[in-house]
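Structural characterization, general
Residues per chain, in single letters:
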Amino acid sequence: KFLERQAEFKKNIRQALVQPLITLVLLFGAVGFYIGYIFPKTAELFVKYKFKIPPMTRATLSVSHYLQDHIWFIILPFVLAVWAVLAWFRTEKGAMWRDRNMLKIPVMGDLIHKTSIEIFCRVFYSLYSGSGENIEVIRVAAEATDNKYMEKQIKTVSIPLMLQQGAGLVESLAASQVFTQTALSRFRTGAETGAVRKAAQQLANYYEKDTGYRMKSVIDGIQLFVAAIIFIVMLFLTLVSSETAVIQRE
């Protein structure tokens with residue numbers, strides 16, 4: 001179950017964040033190629049024969065000339081920036097910054113956060129024995145979240161509190177500041193009734209259903225947003241092409 005949920009989580013991240021970003025990059029790359037290379041072949045003929053150029057065609061032609069003159073000054077910094085960011089994300093500090101701020105993304109961040117808590121609870125439920133504080137169980141569950149920030153907070157805040165100060169499970173998890181109030185409340189109830197393991201399972205199942213429905217809605221919304229951008233771009237290209245057709249008829 002843990003492996004299934006982890007695979008589904010990564011798939012949802014790709015659908016919600018990575019694929020739309022790649023689609024938009026390819027879209028604007030294709031539009032840039034059209035405006036910078038294909039469009040001028042026709043538009044410059046009108047300039048050569050001194051036709052009256054409509055405003056939109058004139059503006060597009062100006063953008064085309066700018067792209068032709070500065071193409072490497074646009075592409076090279078973009079490629080270097082992407083390479084630098086990806087390389088930085090592979091470092092420990094970069095991964096920490098990425099995972100911490102990923103939880104702050106509007107709407108999507110909340111779902112990522114709850115899914116990470118769900119995975120923590122699912123591993124915790126599988127390994128928890130009920131004897132002692134199960135430090136190693138908490139450590140393994142923290143690593144399973146696949147979020148470097150949450151893992152660091154649990155390992156450097158929660159576990160030391162339990163080992164050095166003898167703090168309880170709920171108090172230690174709360175100190176890490178990476179668990180929701182719902183999760184802490186459920187763990188507190190489980191600790192008071194002696195059913196921590198069952199509480200972890202219930203919390204994992206609850207967040208699985210909650211994030212499952214909401215994630216689908218978010219992905220559909222993002223796909224609709226991308227489709228709207230594609231429509232706007234295609235409408236712009238159609239308007240520019242229609243102006244060119246009018247010029248040809250005149």
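Residues numbered from 1 in each chain as written. Predicted model: local features only at pLDDT ≥ 70, side-chain atom pairs only at ≥ 80, totals over all residues. Heavy atoms only, no water.

**Brief notes about the nonpolar core**
Ranked by internal contacts, the top residues of the largest apolar core, which has 42 residues, are Phe120, Phe124, Phe179 and Phe187. Of all the secondary-structure elements, those providing two or more residues to this core are helix 1 (2-48), helix 4 (108-127), helix 5 (135-144), helix 6 (148-164), helix 7 (169-175), helix 8 (181-193) and helix 9 (196-249). The biggest single contributor to this core is helix 4, with nine residues. In contact with Phe187, other than residues within four places in its own chain, are Phe120, Cys121, Phe124, Leu169, Val170, Leu173, Val196, Ala200 and Leu203. Grouped together as the second largest cluster of nonpolar side chains are nine residues, Val31, Ile229, Val233 and Leu237 included. (Core = buried A, V, L, I, M, F, W, Y, C linked by side-chain atoms within 4.5 Å. Buried < 20%, exposed > 50% of the residue type's maximum accessible area, 1.4 Å probe, protein only. Helix = DSSP H or I, 4+ residues; strand = E, 2+ residues; numbered from the N terminus. Contact = heavy atoms within 4.5 Å.)

**With respect to empty space enclosed by the protein**
In total, this model carries one cavity of 30 Å³ or more according to the counting rule given. Of the voids in this model, the largest cavity is the one considered here, and its volume is about 50 Å³. When residues of the lining of the largest cavity are traced back to their parent elements, those giving at least two are helix 1 and helix 9. Looking at the lining of the largest cavity residue by residue, the classes come out as two nonpolar, four polar and two charged. (1 Å grid on protein atoms, 1.4 Å probe; cavity = no way out; pocket = protein on both sides within 12 Å on 5 of 7 lines; lining within 4 Å. Points joined across faces, edges and corners; volume = space filled by probe spheres on them. Nonpolar A, V, L, I, M, F, W, Y, C, P; charged D, E, K, R; others polar.)

**Some thoughts on the pattern of salt bridges**
Summed over the entire model, instances satisfying the criterion amount to eleven salt bridges. For Asp210, the salt bridge identified is with Lys114, shortest N-O distance 3.5 Å. Linking Asp210 in helix 9 with Lys114 in helix 4, this pair joins segments that are 96 residues apart in sequence. Assessed through its relative accessible area of 14%, Lys114 is described here as buried. Here Glu151 and Lys155 are joined by a salt bridge, their closest N and O atoms 2.9 Å apart. Of the two residues, Glu151 and Lys155 both sit in helix 6, four residues apart, roughly one turn of that helix. When its relative accessible area of 15% is taken as the criterion, Glu151 is described as buried. A relative accessible area of 23% means that Lys155 is categorised as partly exposed. (Salt bridge = Lys/Arg side-chain N within 4 Å of Asp/Glu carboxyl O.)

**Digging into the side chain of Gln153**
Among the structural elements, Gln153 can be located in helix 6. Overall, the relative accessible area of 11% leaves Gln153 in the buried class. Those residues in contact with Gln153, other than ones at most four positions away along the chain, are Ser158, Ser176 and Val178.

**Side note on the packing of helix 4 against helix 5**
One way to put it is that helix 4 packs onto helix 5 with a least axis distance of 8 Å and a crossing angle of 145 degrees. Here the hand of the crossing between helix 4 and helix 5 comes out right-handed. Contacts between helix 4 and helix 5 involve Ile119, Phe120, Val123, Phe124 and Leu127 from the former and Val137, Ile138, Val140, Ala141, Ala142 and Ala144 from the latter. Among the residues forming the contact of helix 4 with helix 5, the class breakdown is eleven nonpolar, no polar and no charged. (Axes fitted to C-alpha atoms, helices over the stretch in contact; angles between N-to-C directions. Left-handed = near helix turned anticlockwise from the far one by under 90°.)

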